[in-house]
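Chain residues, written in single-letter form:
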Amino acid sequence: MNILVTGGAGYIGSHTCIAAFAAGHEITVLDNLSNSSPEALRRVGKIAGKVPRLVVGDIGDRSVVKSLLDSEKFDAVIHFAGYKAVGESVSKPWEYYVNNISGTLVLLDEMRRHGLYNLIFSSSATVYGNPLPENLPLKESAPLAALNPYGQTKLWLEDVMRAMSAADPAWHILLLRYFNPVGAHESGLIGEDPAGIPNNLMPYITQVAVGRLKELTIFGDDWPTPDGTCIRDYIHVCDLAEGHVAALAKVAELPGCTPINLGSGSGVSVAQLVASFEKATGRPLPHKIGPRRAGDAAACYADASRALELLGWKTKRDSDAMCRDAWRWQSMNPKGYK
Ligand code: NAD
Ligand code: UDP
C-alpha cells in the first residue's frame with residue numbers, strides 16, 4: 001500500500017516506518033518537525049535500507065495537505081501528528097486544541113475531498129480517564145473521560161470520527177488506543193527523544209541511568225497495589241509499530257469507526273519496571289520514594305483481546321526487552337538526536 005504517515009518523524013512514527021517498510025509498503029511522511037528531527041528518518045533508512053519521503057509541512061495547513069493529496073494517490077493514512085504532553089497541555093491548552101483538533105479537521109476534510117477514507121488514528125488510553133478498579137482490564141466499551149486538554153483533544157477527535165463515519169459509510173477508521181509505549185528499536189539507532197525534563201517514567205529512568213538526571217522519584221508507594229506503586233500497561237514501541245502494520249492490513253475490511261486497545265493486557269508496577277531496568281543495565285538505578293503525583297490512577301491496563309480478534313495482533317516483547325532496548329538507545333545516544 002502507499003501510505004501517508006503524519007508525524008512520521010516522531011517516536012512512534014519512525015518505528016512504524018520501519019515496520020511498514022518491512023511489510024512492503026511505500027511511505028510518505030508529512031511532519032512539521034516541531035517535536036522531531038529529520039535525523040530520525042535518516043536512521044530509519046540505515047535500518048530499513050530505505051528512507052521515507054519527507055514532506056516538511058503542517059497538517060493544519062490546507063494548501064500543503066491538498067497539494068500532497070492532489071499529487072499522489074494514497075491507500076491509507078496513519079495519523080500520528082499532534083502534541084502529546086499532558087502537563088504542557090494544561091499550561092498551553094489553546095496550542096493543544098489548535099494543533100491537535102484544527103489540524104486533524106483539515107486532514108479529515110482533505111481526505112474525504114480526495115476520496116481517501118482509510119484512516120488509522122493515534123488515540124490513547126488517556127480517553128479512559130482515571131479508570132475505576134472494577135473496569136480493569138479496560139475494554140473498549142469502558143466509560144470515557146478526559147482529565148486534561150490533551151485528553152480532551154483525543155476524546156473529542158474520537159467523537160468527531162465516530163460522527164463522521166456514522167454520517168458517511170465510506171469511512172474506515174481505526175482508533176488505536178495506545179497504553180504506555182516505551183523502548184526503542186533494537187539497533188539503538190532510533191528511540192524516544194523528549195524535549196526538556198521527561199515527564200514519563202521510562203525516559204526519566206534512562207536519563208538517570210545515563211547521568212543526565214540525578215535520581216528517579218517514584219510517585220508514591222502507598223497505592224492499593226501489591227507493592228504499593230502504580231501499575232501501567234507498558235508496550236514495546238516495536239510491538240506498537242507492528243500493531244499499525246496489522247491495522248493497515250485490516251482497515252479496508254473494517255467499515256465505520258472502531259476503537260482498538262493496543263496494550264500488552266498485563267500490568268507492571270513502577271517498582272517492577274525499575275527492577276527490570278536494573279537487570280538490563282546490571283547496575284542499581286538511583287531512586288527514592290516521593291509523594292503521589294496529582295491525577296495519577298493506581299492501575300491502568302488493557303483488555304487486549306479485540307486487537308487479537310480483529311487485527312490478529314498481540315505484543316511479543318516483555319519488560320526486560322523494553323528496558324534493554326530503551327537503555328541501548330539512551331546509552332548510544334546520551335543526548336538523543338542532538
Ligand atoms: P512525537 O511527538 O514523537 O511525534 C509526533 C510527531 O508529529 C512529531 O514528529 C511532530 O514533529 C509532529 N507534529 C506535531 N504537530 C504537527 C503538525 N501540526 N503537523 C505536522 N506534524 C506535526 O509523539 P509520539 O510519541 O510519536 O506520538 C505519536 C502520536 O501518538 C501522538 O498523536 C500522540 O498523542 C499519540 N500517543 C502517544 C503516546 C506516547 O506515550 N508516546 C501514548 C498515546 C498516544
Ligand atoms: N512515575 C514515577 N516517576 C516519574 C514518572 C512517572 O513514579 O518520574 C510513575 C507515574 O506515577 C505512573 C507511572 O510512573 O504511575 C507511569 O507514568 P507515565 O507518566 O510514564 O505514564 P501515565 O501515568 O501517563 O500512564
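See above for the structure.
The rules behind these values
- Residues numbered from 1 in each chain as written.
- Chains lettered and ligands numbered in written order.
- Predicted model: local features only at pLDDT ≥ 70, side-chain atom pairs only at ≥ 80, totals over all residues.
- Heavy atoms only, no water.
- Axes fitted to C-alpha atoms, helices over the stretch in contact; angles between N-to-C directions.
- Helix = DSSP H or I, 4+ residues; strand = E, 2+ residues; numbered from the N terminus.
- Parallel < 35°, antiparallel > 145°, perpendicular 65-115°, else oblique.
- Left-handed = near helix turned anticlockwise from the far one by under 90°.
- Contact = heavy atoms within 4.5 Å.
- Nonpolar A, V, L, I, M, F, W, Y, C, P; charged D, E, K, R; others polar.
- Near = heavy atom within 4 Å.
- Polar contact = N/O pair within 3.5 Å; in protein donor to acceptor, adjacent residues only side chain to side chain.
- Areas by Shrake-Rupley, 256 points an atom, 1.4 Å probe, with all protein chains shown as cover.
- Expected span 1.5 Å × (residues − 1).
- Buried < 20%, exposed > 50% of the residue type's maximum accessible area, 1.4 Å probe, protein only.
- Pairing = 2+ DSSP bridges.
- Salt bridge = Lys/Arg side-chain N within 4 Å of Asp/Glu carboxyl O.

Focus: the packing of helix α5 (residues 93-113) against helix α6 (residues 149-167)
Here's step 1: Packing of α5 against α6 leaves a shortest axis separation of 9 Å and a crossing angle of 20°. The angle between α5 and α6 places the two elements in the roughly parallel class. α6 is crossed by α5, and the crossing has right-handed handedness. Listed contacts from α6 to Pro 93, Tyr 96, Tyr 97, Asn 100, Ile 101, Thr 104, Leu 105, Leu 108 and Arg 112 of α5 are Pro 149, Tyr 150, Gln 152, Thr 153, Trp 156, Leu 157, Val 160, Met 161 and Met 164.
Here's step 2: In terms of residue class, the contact of α5 with α6 is built from 13 nonpolar, 4 polar and 1 charged.

A few points about the site of ligand 1
Here's step 1: Surrounding ligand 1, one finds 26 residues, the nearest of these being Asp 31, Asn 35, Ser 36, Asn 99 and Tyr 150.
Here's step 2: Measuring from an oxygen atom of ligand 1, one finds a backbone N or O atom of Ser 34 at 3.0 Å.
Here's step 3: Across the complex, the protein chains shield 95% of the 820 Å² of accessible surface that ligand 1 would expose by itself.
Here's step 4: When residues of the shell around ligand 1 are traced back to their parent elements, those giving at least two are α1 (11-22), β5 (118-124) and α6.

Quick notes on the site of ligand 2
Here's step 1: Looking at ligand 2, there are 15 residues lining it, with Asn 180, Leu 201, Thr 217, Arg 232 and Asp 296 nearest.
Here's step 2: Within the contact set of ligand 2, an oxygen atom lies 2.9 Å away from a side-chain nitrogen or oxygen of Asn 180.
Here's step 3: Burial of ligand 2 by the protein amounts to 87% of the accessible area it has alone, namely 510 Å².
Here's step 4: Breaking the shell around ligand 2 down by element, the ones donating at least two residues are α7 (201-209) and β8 (216-219).

Comments concerning α1
Here's step 1: An ideal rise of 1.5 Å per residue puts 16 Å on 12 residues; α1 measures up with 18 Å between its terminal C-alpha atoms.
Here's step 2: The element α1 is extensively covered by neighbouring structure, given that 11 of its 12 residues are classed as buried.
Here's step 3: Lining the buried residues of α1 we find β2 (26-31), α2 (38-48), β4 (76-79), β6 (172-178), β7 (180-182) and α8 (237-250).

A word on the pairing of β8
Here's step 1: Burial of β8 is one-sided: the residues Leu 216 and Ile 218 facing one way are buried, the residues Thr 217 and Phe 219 facing the other way are not.
Here's step 2: Relative to strand β13 (residues 287-290), β8 runs parallel, the two sharing 4 bridges. If you follow Ile 218 over to β13, its bridge partner there is Ile 289.

Examining the pattern of salt bridges
Here's step 1: Scanning all chains against the criterion turns up 27 salt bridges.
Here's step 2: Between Glu 88 and Lys 92 there is a salt bridge, and its shortest N-O distance comes to 3.8 Å.
Here's step 3: A relative accessible area of 34% places Glu 88 in the partly exposed class.
Here's step 4: For Arg 317, the salt bridge is made with Asp 239, and the minimal N-O distance between the two is 2.6 Å. Residue Arg 317 is found in the loop between α10 (305-311) and α11 (319-332), and its partner Asp 239 is found in helix α8; the two are separated by 78 residues along the sequence.
Here's step 5: By relative accessible area, Arg 317 is classed as partly exposed at 26%.
Here's step 6: Residues joined by salt bridges that share partners form a network here, namely Arg 62, Asp 109, Glu 110, Arg 112 and Arg 113.

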